[in-house]
Amino acid sequence: MRFNLIRIYGNQGTNGYLIAEGKLVCKTIELPWRMNQPNVSCIPEGQYILKARYSPRFGHCVEVVNVPNRSHILLHPANNALRELRGCIAPVSELTGQGTGLRSRAATQRFLEVFNRLKANGNSLILNIHT
């Protein structure tokens, strides 16, 4: 089963739309594209395996696995990419600017509900990132 993340790049951040089963799950925010540099760039476009993970800082979240030259890339709550992210992806309910959004915890919860439902059906979950 695939999650499709459709990105819109900006100088101050990257916005996106996360879709599963043909339906919008949530919007997303990320850092701007800066050549995949750790801690300052969003990750490259491509296909990645998703797996459940528990983070002491963020609680239940999802990890994006096998990102080239990167590790510990999570989908977790944040409302401002430049201030709160170091390469991860944050679900948000509403986009307010480049790399900024509102109600990230609610959007993350919606994403986790869809992720867990699809995972419970025995599906391998893939994130496909593209423009």
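Owing to the predicted nature of the structure, the values given are computational and were not obtained by experimental measurement.

The rules behind the values
- Residues numbered from 1 in each chain as written.
- Predicted model: local features only at pLDDT ≥ 70, side-chain atom pairs only at ≥ 80, totals over all residues.
- Heavy atoms only, no water.
- Phe/Tyr/Trp six-rings, centres within 6.5 Å; stacked < 30°, edge-to-face > 60°.
- Helix = DSSP H or I, 4+ residues; strand = E, 2+ residues; numbered from the N terminus.
- Buried < 20%, exposed > 50% of the residue type's maximum accessible area, 1.4 Å probe, protein only.
- Disulfide = S-S within 2.5 Å.

Draft legend 1. How the structure looks around the packing of aromatic side chains. Evaluation of the coordinates by the stated rule reveals two aromatic pairs. Taking 6.1 Å as the distance between ring centres and 40° as the angle between the ring planes, the aromatic pair formed by Phe111 and Phe115 counts as tilted. Taken together, the residues Phe111 and Phe115, both in helix 2 (residues 104-120) and four residues apart, mark about one turn of the helix. For the pair shown, Phe111 and Phe115 are each scored as buried. Grouped by ring-pair contacts, the aromatic residues Phe3, Phe111 and Phe115 constitute a single cluster.

Draft legend 2. Up close: the environment of Gln37. Mapped onto the fold, Gln37 is located in the loop between strand 3 (23-30) and strand 4 (46-55). Judged by relative accessible area, which is 42%, Gln37 ranks as partly exposed. In the structure, Gln37 is positioned 19 residues away from Leu18 in sequence and 23 Å away in space, judged by C-alpha atoms.

Draft legend 3. Just the state of the cysteines, in detail. Under the counting rule described, the total for this entry stands at zero disulfides. Cys88 provides the cysteine sulfur closest to Cys42, a residue in no disulfide bond, and the two sulfurs are 12 Å apart. Since its relative accessible area comes to 0%, Cys42 is described here as buried. Free cysteine Cys61: the closest other cysteine sulfur is in Cys88, separated by 8.1 Å.

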